[in-house]
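Observations on chain architecture
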Amino acid sequence: MSSKTRSDASPLNQFQERLDDWLYIENASFQEVSQRLARDHSFMCSPSSVWRWKQRRDEERLLEQITNKARQSREVVARFAEENPELDASFTNLLRQVAMDLVSSPNPDPQAICLVAGKALKLRDQDLQRQKLELSADKFRASLRTKLEEGLDELAKSIGSNPEARALYDSFRAVVTKATA
Amino acid sequence: MARSQKSQARQFALLALHAAEGTPLTDRALRDHVLRGLSNSISDLDVGDVIRDLELDGLIVGTLSELRDDKVWILSDLGTIRAKQLR
């Protein structure tokens, strides 16, 4: 996200890096920060100005966190989807939601992991079921073909040398071969 | 809820969704961000009202989560324009 200088930008923004260290790392008081600004930078401001600046900065930092976490979760899910191309789109969306929830929410819901695992198991079951059905269909097709071929062999024997019957038989056999291939 | 608080909550909800750059936020996550952004000076119930108002105003769009009985939110086109104006 691009950032620009706000029209209501505070003069304290010029010390942002320093103020971040003092307020967020050292946990210095507003009074202390005000004194340090006067001492180190000859910048005079009241502790309440520092407090107001921090209010605004808290907001900015929270928004930066949301952006960073959103990017991280998108990257993680994109990589996972790339490594598992068989995943369907709905599952990937689900994963994206959970990843975002887990990494960005101040109070993530750990139950989400179980929900995703449940959905993954359901998808795997569906996939196994589909494979089983495909296998059954293949087996049925193979046995049908054997039986038809046996029947056709019998028919060929009984046709003998009748040319008209032979021609009809050949075209019928071609149809059967094509249909059961 | 004071008018200024409501307005701040509306703004922060839009900014939070804009910060997510198109990644939907669950209803819970959005509420938590707004509560945190306003230093918990507003109730969860009031944030819920604010989110509903934003939806009614066409600034955010909610879809039902596949995961649980909860909505996920993204900015509408209008909401994106409004959020950019707030930055």
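Okay, so let's go over this structure. (Residues numbered from 1 in each chain as written. Chains lettered and ligands numbered in written order. Predicted model: local features only at pLDDT ≥ 70, side-chain atom pairs only at ≥ 80, totals over all residues.)

Turning our attention to the overall build of chain B. In terms of helices and strands, chain B carries four helices and three strands. If you list the helices and strands of chain B from N to C, you get α-β-α-α-β-β-α. For chain B, restricting intrachain contacts to residue pairs at least 6 apart in sequence, the fraction spanning at least 24 positions comes to 54%. (Helix = DSSP H or I, 4+ residues; strand = E, 2+ residues; numbered from the N terminus. Contact = placed C-beta atoms within 7 Å.)

Moving on, we get to the sheet that holds strand E1 (residues 25–26) of chain B. All names here are of chain B. Strand order in the open sheet made by the three strands is E1-E3-E2, with antiparallel pairing throughout. What marks the edges here is a single partner per strand, and that holds for E1 and strand E2 (60–64). Relative to strand E3 (residues 71–75), E1 is paired through two bridges, and the arrangement is antiparallel. Paired with threonine 26 across the strands is valine 72, a residue of E3. (Pairing = 2+ DSSP bridges.)

What follows concerns the packing of helix H2 (residues 27–37) of chain B against helix H3 (residues 44–56) of chain B. All names here are of chain B. As a packed pair, H2 and H3 sit with axes 10 Å apart at the nearest point and diverge in direction by 115 degrees. Classed by the angle they form, the pair H2 and H3 counts as roughly perpendicular. Read as a crossing pair, H2 and H3 show a hand that is right-handed. Contact residues: Leu30, Arg31, Val34 and Leu35 in H2; Asp44, Val47, Gly48 and Ile51 in H3. Considering only residue class, the contact of H2 with H3 consists of five nonpolar, one polar and two charged. (Axes fitted to C-alpha atoms, helices over the stretch in contact; angles between N-to-C directions. Parallel < 35°, antiparallel > 145°, perpendicular 65-115°, else oblique. Left-handed = near helix turned anticlockwise from the far one by under 90°. Nonpolar A, V, L, I, M, F, W, Y, C, P; charged D, E, K, R; others polar.)

The next thing to look at is helix H5 (residues 111–159) of chain A. Because the α-helix completes a turn every 3.6 residues, residues three or four places apart line up on one side. Relative to the 72 Å expected for 49 residues at 1.5 Å per residue, H5 of chain A spans 72 Å between its end C-alpha atoms, a close match to the ideal helical length. With one of 49 residues buried, H5 of chain A lies mostly on the surface of the structure. (Expected span 1.5 Å × (residues − 1). Buried ≥ 20, exposed ≤ 12 C-beta atoms within 10 Å, placed from the backbone.)

A separate point is the packing of helix H2 (residues 30–41) of chain A against helix H3 (residues 47–83) of chain A. Residues and elements named next belong to chain A. At a minimum axis distance of 8 Å, the contact between H2 and H3 shows a crossing angle of 105 degrees. Looking at the two axes, H2 sits roughly perpendicular to H3. Of H3, the residues touching H2 (which contributes Phe30, Gln31, Val33 and Ser34) are Pro47, Val50 and Trp51. Residue classes in the contact of H2 with H3 are distributed as five nonpolar, two polar and no charged.

Before going further, it helps to spend a moment on unusual backbone geometry. Positive phi values are uncommon outside glycine, yet asparagine 27 of chain A reaches one of about 55 degrees. Mapped onto the secondary structure, asparagine 27 of chain A falls in the loop between helix H1 (16–25) and H2.

To continue, consider the interface of chain B and chain A. Across the contact, 21 residues belong to chain B and 25 residues belong to chain A. At the level of elements, helix H1 (3–19), E1 and H2 of chain B are the ones that each hand at least two residues to the side of chain B that touches chain A. Class assignment for the residues of the side of chain B that touches chain A results in nine nonpolar, five polar and seven charged.

Looking now at the nonpolar core. Ala13, Ala16, Leu17, Leu25, Leu30 and Val34 of chain B are the most contacted members of the largest nonpolar core, which has 35 residues in total. Secondary structure elements with two or more residues in this core: H3 and helix H4 (89–104) of chain A together with H1, H2, H3 and E3 of chain B. With eight residues, H1 of chain B is the largest single contributor of residues to this core. If you look at the next biggest cluster of nonpolar residues, it comprises eight residues, including Phe15, Val33, Val50 and Trp53 of chain A. (Core = buried A, V, L, I, M, F, W, Y, C linked by C-beta atoms within 7 Å.)

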